[in-house]
Amino acid sequence: MTAINSAKIVILATDGYERSELRVPYEELQRKGADVKIASIKDGEIKSWDEKDWGDSVKVDLLAKDVRIEDFDALVLPGGQINPDVLRANDDAMRVVKEFVKSGKVVAAICHAPWLLVEADAVRGREVTSYGSIKTDVKNAGGIWKDEKVVCDKGIVTSRNPDDLEAFVAKIVEEVEEGRHERKAA
């Protein structure tokens, strides 16, 4: 069990992440005392998508290829259409997702980010939610899709969209404080 105020959390994203789905967990988890880092597949800054156009940027703390699972208590995957689609085609990003799933540590994905869980073969037999347009992808990968604000199955936390961020962050905090979860590896 890890208190949220001593937790280390990594957010994995690249250009095109939905602004609120990175910013809200980042700021709220930091406000609660967590040490939150941004990892990406590129150096420098990554640019958000803010509803209908490009938004602001956030500084990258480390590259996905340098993420060591043992250094973190949880992985957060923001959505947007562009971000998870690019990440799921990247070997370094997928290594991070697969290793976190295998570790039993908390993995939290919102909106289109469950695509990364699909790519990691981590939804099979699990209850999951997502943005409605990828519901069929989740089901085709063996997931049990639910239309709920937040769904948690053995430490894998999923949410549908920015309207669910409050419940999403609250569940991340609860699951981090609960600790590792026994589950089949991806």
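Since this is a predicted model, take the numbers as computed values, not measurements.

What about the nonpolar core?
Side chains of a nonpolar character, in soluble globular proteins, are inclined to be buried together.
So, step 1. The biggest cluster of nonpolar side chains holds 30 residues, and the ones touching the most others in it are Leu 12, Val 67, Leu 75, Leu 77, Val 97, Phe 100 and Leu 117.
So, step 2. Of all elements in the fold, only strand S1 (8-12), strand S7 (74-77), helix H3 (91-103), strand S8 (106-110) and helix H4 (114-119) reach the threshold of two or more residues within this core.
So, step 3. Take this core: its biggest share by element is six residues, from H3.

Points about the sheet that holds strand S2 (residues 17-18)
So, step 1. As summarised here, the arrangement of the three strands in space is S2-S4-S5, forming an open sheet in which the pairing is mixed. At either end of the open sheet lies a strand with only one pairing partner, and these are S2 and strand S5 (53-59).
So, step 2. Bridge analysis of S2 against strand S4 (residues 45-50) gives two bridges, and the strand direction is parallel. Residue pairing for S4: Glu 18 is matched across the bridge by Trp 49.

Points about the environment of Lys 105
So, step 1. Within the secondary structure, Lys 105 is located in the loop between H3 and S8.
So, step 2. The sequence separation of Lys 105 and Val 176 amounts to 71 residues, and the corresponding C-alpha distance is 7.9 Å.

With respect to the side chain of Asn 161
So, step 1. Secondary-structure assignment places Asn 161 in the loop between strand S12 (156-159) and helix H6 (165-178).
So, step 2. Of note is the side chain of Asn 161, whose polar atom sits 2.8 Å from the backbone nitrogen of Asp 163.
So, step 3. Setting aside its immediate chain neighbours within four residues, Asn 161 contacts Glu 21, Ile 110, Cys 111 and Tyr 131.

A few points about the UniProt feature "domain: DJ-1/PfpI" (unreviewed entry) in the chain
So, step 1. Under the feature "domain: DJ-1/PfpI" (unreviewed entry), the UniProt entry names residues 8-175.
So, step 2. As annotated, residues 8-175 comprises 33% helix and 29% strand, and the C-alpha atoms at either end are separated by 13 Å.

A short note on helix H1 (residues 19-31)
So, step 1. Its 13 residues place the ends of H1 18 Å apart at the C-alpha level, agreeing with the 18 Å of an ideal helix rising 1.5 Å per residue.
So, step 2. Within the span of H1, buried status applies to Ser 20, Glu 21, Leu 22, Arg 23, Pro 25, Tyr 26 and Leu 29.
So, step 3. One or two residues past the end of H1 sits Gly 33, with phi positive at roughly 100 degrees.

Topic: the packing of H1 against H6
So, step 1. Following both chains from N to C, one finds H1 and H6 inclined at 45 degrees, their axes separated by 10 Å at the closest point. Viewed along their axes, H1 and H6 adopt a mutual orientation that is oblique. Taken as a pair, H1 and H6 cross one another with a handedness that is right-handed. In contact with Ser 20, Glu 21, Val 24, Pro 25, Glu 28 and Leu 29 of H1, H6 contributes Leu 165, Phe 168, Val 169, Ile 172 and Val 173.

Calculation rules
- Residues numbered from 1 in each chain as written.
- Predicted model: local features only at pLDDT ≥ 70, side-chain atom pairs only at ≥ 80, totals over all residues.
- Heavy atoms only, no water.
- Core = buried A, V, L, I, M, F, W, Y, C linked by side-chain atoms within 4.5 Å.
- Buried < 20%, exposed > 50% of the residue type's maximum accessible area, 1.4 Å probe, protein only.
- Helix = DSSP H or I, 4+ residues; strand = E, 2+ residues; numbered from the N terminus.
- Pairing = 2+ DSSP bridges.
- Polar contact = N/O pair within 3.5 Å; in protein donor to acceptor, adjacent residues only side chain to side chain.
- Contact = heavy atoms within 4.5 Å.
- UniProt positions renumbered as here; feature names shortened; annotations may be inferred.
- Expected span 1.5 Å × (residues − 1).
- Axes fitted to C-alpha atoms, helices over the stretch in contact; angles between N-to-C directions.
- Parallel < 35°, antiparallel > 145°, perpendicular 65-115°, else oblique.
- Left-handed = near helix turned anticlockwise from the far one by under 90°.

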